[in-house]
Amino acid sequence: MAQPAYRRILLKLSGEALMGEGSYGIDRATIERIVAEIKEVVALGVQVAVVIGGGNIFRGIAPGAAGMDRATADYMGMLATVMNALALQDAMRGVGLPSRVQSALTIEQVAEPYIRGKAIRYLEEGKIVIFAAGTGNPFFTTDTAAALRGMEMNVQIVLKATKVDGVYTEDPKTHPDAMRYKRLSFDEAIVKNLKVMDATALTLCRDQKLPINVFSIFKPSALRRVVMGEDEGTLVHA
């Protein structure tokens, strides 16, 4: 059998990915399907860390936060990511996937505090580690948290799960003739402002030569194909 191209990955899930076709909250069928995709790669022997967003519940830069102190709004967004992490862990428990939630904010009743050494040990034991509350600091996105945790966990690649199967020259919804990039350099992504991740996250990954693959989490077995090194999504590299 072919071996996975990556042995340890960090999966960046947006909160919006958990909504399914809804406009708010968590769609149980969607989260169960995402967990099934993760289980497929865990069965290959791949170690999986997850950073999850909170945009399906609350986002610090959303219209709902208008007029609110930005730091306060961002802390509320961090708490939303903890809720999503617990929902994801519950769905994993339902299919027999061992997982641990570590939070950058101290909420010991529901999640462990983030401890790097413990998180690495969990990964080595075959457990999935779900990182919640972003970096624990306002003004930083969960994209930046994904880059940071990816480096701290010594992963080989950051996989950004989106609703689109890669990075395109234009928005494929409004430009049917838009072309998907198979590969991009970090500098190209930054200069062309292609919205792969925010600039801070892209710069961190570029400086540490940590590649990013952008793919659709809604495309069946796309996560497995990325892990196997197949042509899926867009690879952003040094």
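Now for a look at the structure at hand. (Residues numbered from 1 in each chain as written. Predicted model: local features only at pLDDT ≥ 70, side-chain atom pairs only at ≥ 80, totals over all residues. Heavy atoms only, no water.)

Examining the sheet that holds strand 2 (residues 47–52)
Two modes of strand pairing occur in sheets, parallel and antiparallel, and in both the strands are linked by backbone hydrogen bonds. Taken in spatial order, the 9 strands of this open sheet run 4-3-5-2-1-6-10-11-9, and their pairing is mixed. Across the chains shown, the open sheet's two edge strands, defined by having one partner strand only, are strand 4 (112–113) and strand 9 (183–185). Relative to strand 5 (residues 128–132), strand 3 (residues 99–103) is paired through 5 bridges, and the arrangement is parallel. Looking at strand 5, one finds that Ser-99 is bridged to Ile-128. Most of the contacts of helix 2 (residues 70–94) go to strand 5, to which it runs at about 160 degrees, and overall it touches strand 1 (8–13), strand 2, strand 3 and strand 5. Sheet strands touched by helix 4 (residues 142–152): strand 1, strand 2, strand 5 and strand 6 (157–162). Its angle to strand 1, the strand with the most contacts, is close to 170 degrees. (Pairing = 2+ DSSP bridges. Helix = DSSP H or I, 4+ residues; strand = E, 2+ residues; numbered from the N terminus. Contact = heavy atoms within 4.5 Å. Axes fitted to C-alpha atoms, helices over the stretch in contact; angles between N-to-C directions.)

Quick look at the environment of Leu-18
When you line up the elements, Leu-18 lands in the loop between strand 1 and helix 1 (28–42). Residue classification places Leu-18 among the buried positions, given a relative accessible area of 0%. For the pair formed by Leu-18 and Phe-218, sequence separation is 200 residues and the distance between their alpha carbons is 11 Å. Ignoring sequence-local partners within four residues, the contact set of Leu-18 consists of Gly-25, Ile-26, Asp-27, Thr-30, Ile-31, Ile-34, Ile-52, Asn-56 and Asn-84. (Buried < 20%, exposed > 50% of the residue type's maximum accessible area, 1.4 Å probe, protein only.)

So, the packing of aromatic side chains
For the structure shown, the criterion picks out 1 aromatic pair. Look at Tyr-114 and Phe-131: their rings are 5.6 Å apart centre to centre, the planes differ by 75 degrees, and that puts the pair in the edge-to-face class. Here Tyr-114, found in the loop between strand 4 and helix 3 (116–124), pairs with Phe-131, found in strand 5; they are 17 residues apart in sequence, far enough to count as distant. For the residue pair Tyr-114 and Phe-131, the accessibility class agrees, reading buried in each case. Positioned above the aromatic ring of Tyr-114, the side-chain terminus of Arg-149 is 3.8 Å from the ring centre. Geometry around Phe-131 places Arg-149 over its ring, the cationic atom sitting 5.9 Å from the centre. (Phe/Tyr/Trp six-rings, centres within 6.5 Å; stacked < 30°, edge-to-face > 60°. Lys NZ or Arg CZ within 6 Å of the ring centre and 35° of its normal.)

As for the pairing of strand 1
Extensive coverage of strand 1 is indicated by the burial of 6 of its 6 residues. Here strand 1 shows two buried faces, one formed by Arg-8, Leu-10 and Lys-12 and the other by Ile-9, Leu-11 and Leu-13. Bridging between strand 1 and strand 2 involves 6 bridges; their strand directions are parallel. When the sheet's bridge partners are listed, Ile-9 is paired in strand 2 with Val-48. Tracing the backbone out of strand 1, into helix 1 and back to the parallel element strand 2 gives a crossover that is right-handed. Summarising the sheet, strand 1 and strand 6 pair through 5 bridges and their orientation is parallel. Among the inter-strand pairings, Leu-10 is bridged to a residue of strand 6, identified as Val-158. (Right-handed = clockwise from strand over helix to strand, strands pointing away.)

Observations concerning the pairing of strand 10 (residues 212–216)
Within strand 10, 5 of the 5 residues are buried, leaving the element largely enclosed by the surrounding structure. Going residue by residue along strand 10, you find Ile-212, Val-214 and Ser-216 tucked away on one face and Asn-213 and Phe-215 tucked away on the opposite face as well. Two strands pair when backbone bridges link them, and strand 6 and strand 10 are joined in this way by 5 bridges, in the parallel orientation. Within strand 10, the residue paired with Lys-160 across the bridge is Val-214. Sheet analysis places strand 10 next to strand 11 (residues 234–237), joined by 3 bridges and oriented antiparallel. Considered in strand 11, the bridge of Ile-212 is made with Val-236.

Geometry only, nothing functional implied.
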